[in-house]
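# Observations on the model geometry
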Amino acid sequence: MRIVALAGGIGGARFLRGLLAAVGPQDEITVIGNTGDDIHLYGLKVCPDLDTVMYTLGGGINEEQGWGRTDETWSIKAEMKEYGVGPEWFGLGDRDFATHLVRSQMLTAGYSLSQVTEALCVRWKPGVRLLPMSDDRVETHVRITDEQGTRAIHFQEYWVKLHAAVDAEAIIPVGADTAKPAPGVLEAIAEADVILFPPSNPVVSIGTILAVPGIREAVAAAPAPVVGLSPIIGGAPVRGMADKVLAAVGVEATAEAVALNYGAALIDGWLVDTADEDAVATVEAAGIACRAVPLLMTDVEATAEMARAALTLAEQVRK
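What this report covers is the structure whose coordinates are included nearby.

Cut-offs applied
- Residues numbered from 1 in each chain as written.
- Predicted model: local features only at pLDDT ≥ 70, side-chain atom pairs only at ≥ 80, totals over all residues.
- Heavy atoms only, no water.
- Phe/Tyr/Trp six-rings, centres within 6.5 Å; stacked < 30°, edge-to-face > 60°.
- Lys NZ or Arg CZ within 6 Å of the ring centre and 35° of its normal.
- Pairing = 2+ DSSP bridges.
- Helix = DSSP H or I, 4+ residues; strand = E, 2+ residues; numbered from the N terminus.
- Axes fitted to C-alpha atoms, helices over the stretch in contact; angles between N-to-C directions.
- Core = buried A, V, L, I, M, F, W, Y, C linked by side-chain atoms within 4.5 Å.
- Buried < 20%, exposed > 50% of the residue type's maximum accessible area, 1.4 Å probe, protein only.
- Polar contact = N/O pair within 3.5 Å; in protein donor to acceptor, adjacent residues only side chain to side chain.
- Contact = heavy atoms within 4.5 Å.

### Some points on the packing of aromatic side chains
The tally for this structure, following the rule as stated, stands at six aromatic pairs. A network of ring pairs unites the aromatic residues F197, Y262 and W270 as a single cluster. Of note, R69 hangs over the ring of Y55, and the distance from its end group to the ring centre comes to 5.5 Å.

As structure tokens, then:
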């Protein structure tokens, strides 16, 4: 079985770990990772979502945080602070710095982001084929209004520094409209037996991937069934502040609203948590097969059960 998953950072990575536990060694998983969260810091190219997937599946993630390296130290960040160089609000540990140094060195030498990601995965052996959504530069920005007036800031500043405390007025994936899918992305979608939308942020993770011209169209046209898992349980995000960015695009923070926002033209099946069983009828009335199952990723086995439920639904709705 050839499985393609569109994934963001923490939620996507943890789901993928369960997916790996749910499938057999003969199955092939291709992950199309969000690069809209990418940011340049200290002269380095930082790819938070790609790295979170790579570290999580490769056994190097800080499990408590869900991002960054385990057994991390912070000497470089402390020294940068002594020099008065920031930003202080974005945490890059010493081990994490090494990844960004290698990536930036290779990019400067002329390698593409796809090639760099493949090279980094040689060390981590994540058990999946990890592809960036695009080799072109795409960065998600958020329009806000605060005491400084109306302005656009990088998504990382909005999410990490401001903790989404200010209302998001618009989400702008800068560069997405002229970006091209990375090599292998469209081919993987076209050849997939199943396409999955993990419980990643539907706006700034999966939504940004779909904003790259050609990817949404490829998913919609794919012969494989497309099944998503709700990142919203009981009217609230499982993790993070997805409700803030959903509001910016006019979508309620409910399991059914997210499904309807994707639409029957894009997804064939949708899983909601048992707490949202009342949403099943609404989603199915829109032409999307829907089931209610436990969706809390409390451990790897619980997450594997979620993945099995998604694959079962995919078989039931196979075109």
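### With respect to the sheet that holds strand β6 (residues 139-146)
Strand order across the open sheet formed by three strands is β7-β6-β8, with antiparallel pairing between neighbours. Taken across any chain shown, the strands that pair with only one partner, and hence form the sheet edges, are β7 (149-154) and β8 (170-174). On average, adjacent strands in this sheet sit at an angle of 30 degrees to one another, irrespective of strand direction. Note that β6 and β8 share five bridges and pair antiparallel. Pairing of E139 across the sheet is with V174, part of β8.

### Side note on the nonpolar core
Of all hydrophobic cores here, the largest spans 55 residues; its most connected members are I189, I195, F197 and W270. V31, L229, M306 and A314 belong to the second largest nonpolar core, which has 42 residues in total.

### A short note on the sheet that holds strand β9 (residues 194-197)
The seven strands lie next to each other as β5-β2-β1-β9-β10-β13-β14, forming an open sheet whose pairing is parallel. Edge positions in the sheet fall to β5 (129-132) and β14 (289-292), since each of these pairs with one other strand and no more. Strand after strand, the sheet turns through a mean of 20 degrees between neighbouring axes, direction not considered. Both strand β13 (residues 269-272) and β14 contribute to a ladder of four bridges, which runs parallel. The partner of L271 across the bridge, within β14, is R291.

### Thoughts on the side chain of N201
On the secondary structure map, N201 appears in the loop between β9 and α8 (206-211). Looking at N201, the relative accessible area reads 13%, which means it is buried. A distance of 2.9 Å separates the side chain of N201 from the backbone nitrogen of V203, its partner in a polar contact. In this structure, N201 is in contact with W159, I206, G207, A242 and V245, ignoring residues within four places of it in sequence.

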